[in-house]
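Okay, here's what each chain looks like letter by letter:
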Amino acid sequence: NMTAAQSSVEALRIAARAAEEKQGTNLFAVDAADAMGLIDGFLVVSAHNERLVNAVADEVEDALREQAGLKPVRREGRWILLDFGDIVVHVQHEEDREFYALDRLWAQAPRIELGVENEAPFDIEAESEEEAARIIPAQDEV
């Protein structure tokens, strides 16, 4: 089983803290290395309106450039997708978030613990204790 590189986990946590700075909510990160093999993981974050969606995306870009030396390969859409190669950050309007339900789609994948205030609850239909045990703990708990 492959798991996300520690550098990617750290980058997702940087992104999460940045998103929260700009009122990003319901943050959810997944270790997608085993499932996809293409990327290490992704972060999903909601924002209340168009202005905040853009503000969150800008802040995430700035933070990852400054703190992790990462630049997005691309940035697109109303649902902003920031592709950093090994990690992807999705910034969605709340109603798009509900409609596309990435959290439920990825409920079986191992979660990456972000250690931020607005982190989405961890009990999104995790099938078993074994599933719940696959959550990757935040650094300060290791």
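Scroll up for the structure.
A quick note: this is a predicted structure, and the numbers were derived from the prediction, not measured.

J.: Hey, could you run me through helix 3 (residues 50-68) in this one?
T.: Given 3.6 residues per turn, any residue in an α-helix points the same way as the ones three and four places further on. The terminal C-alpha atoms of helix 3 lie 26 Å apart, and with 19 residues this matches the ideal 27 Å at 1.5 Å per residue to within 8%. What helix 3 keeps buried is the set Leu52, Val53, Val56, Ala57, Val60, Glu61, Ala63 and Leu64. With a side-chain oxygen lying 3.2 Å from the backbone nitrogen of Arg51, the N-terminal cap of helix 3 falls on Asn49. A positive phi of about 65° marks Gly69, the residue just after helix 3.

J.: How should I be thinking about the nonpolar core in this particular structure?
T.: A general tendency of soluble globular proteins is for nonpolar side chains to be buried together. Formed by 30 residues in total, the largest nonpolar core has its most connected members in Leu27, Leu43, Val60, Leu64, Val89 and Val91. Looking at this core element by element, the count peaks at 8 residues for helix 1 (residues 6-21). Residue contacts for Val89: discarding those within four places in its chain leaves Ala15, Leu43, Val60, Ile80, Leu81, Leu82 and Phe84. Core analysis: the next-biggest nonpolar cluster, separate from the first, contains 12 residues, Val30, Ala32, Val88 and Ala120 among them.

J.: Would you mind showing me how to read the packing of aromatic side chains here?
T.: Each aromatic ring pair is summarised here by two numbers: the centre-to-centre distance and the angle between the ring planes. All told, the structure shown has 3 aromatic pairs when counted by the stated rule. Their ring planes at 50° and their centres at 4.7 Å tell us that Trp79 and Tyr100 sit as a pair that is tilted. A residue pair is termed long-range when its members are at least 10 positions apart, and Trp79 in the loop between strand 3 (74-76) and strand 4 (80-83) and Tyr100 in helix 4 (residues 94-100) qualify at 21 residues. Between Phe99 and Tyr100 the ring centres are 5.1 Å apart and the planes differ by 90°, which places this aromatic pair in the edge-to-face class. Aromatic ring contacts, followed pair by pair, group Trp79, Phe99 and Tyr100 into a single cluster. Above the face of the Phe122 ring, Arg111 is positioned so that its terminal group lies 4.0 Å from the ring centre.

J.: I keep staring at the pairing of strand 2 (residues 41-47) and nothing clicks. Help me out?
T.: Consecutive residues of a regular strand have side chains that alternate between opposite faces of the sheet. Among the 7 residues of strand 2, 7 are classified as buried, and the element is accordingly described as predominantly covered. Neither face of strand 2 is left uncovered, since the one carrying Gly41, Leu43, Val45 and Ala47 and the one carrying Phe42, Val44 and Ser46 both have all their residues buried. Two strands pair when backbone bridges link them, and strand 1 (residues 25-31) and strand 2 are joined in this way by 5 bridges, in the antiparallel orientation. Each residue of the ladder has a partner; that of Phe28, found in strand 2, is Val44.

J.: Got a minute to help me understand the environment of Phe42 in this structure?
T.: Tracing the sequence through the fold places Phe42 in strand 2. For Phe42, a relative accessible area of 3% gives the class buried. For the pair Phe42 and His90, spaced 48 residues apart in sequence, the C-alpha to C-alpha distance is 7.5 Å. Beyond its immediate chain neighbours, meaning those up to four positions away, Phe42 contacts Leu12, Phe28, Ala29, Val30, Ala32, Val88, His90 and Trp106.

J.: Would you mind showing me how to read the pattern of salt bridges here?
T.: Under the defined criterion, the tally for this structure stands at 10 salt bridges. Here Asp58 ties to Arg75 by a salt bridge, and the two come within 2.8 Å at their closest N and O atoms. Placement of Asp58 in helix 3 and of Arg75 in strand 3 is noted, with a sequence separation of 17 residues between them. Because the salt bridges share partners, they merge into one network encompassing Asp58, Glu61 and Arg75.

Each value, and the rule that gives it
- Residues numbered from 1 in each chain as written.
- Predicted model: local features only at pLDDT ≥ 70, side-chain atom pairs only at ≥ 80, totals over all residues.
- Heavy atoms only, no water.
- Helix = DSSP H or I, 4+ residues; strand = E, 2+ residues; numbered from the N terminus.
- Expected span 1.5 Å × (residues − 1).
- Buried < 20%, exposed > 50% of the residue type's maximum accessible area, 1.4 Å probe, protein only.
- Polar contact = N/O pair within 3.5 Å; in protein donor to acceptor, adjacent residues only side chain to side chain.
- Core = buried A, V, L, I, M, F, W, Y, C linked by side-chain atoms within 4.5 Å.
- Contact = heavy atoms within 4.5 Å.
- Phe/Tyr/Trp six-rings, centres within 6.5 Å; stacked < 30°, edge-to-face > 60°.
- Lys NZ or Arg CZ within 6 Å of the ring centre and 35° of its normal.
- Pairing = 2+ DSSP bridges.
- Salt bridge = Lys/Arg side-chain N within 4 Å of Asp/Glu carboxyl O.

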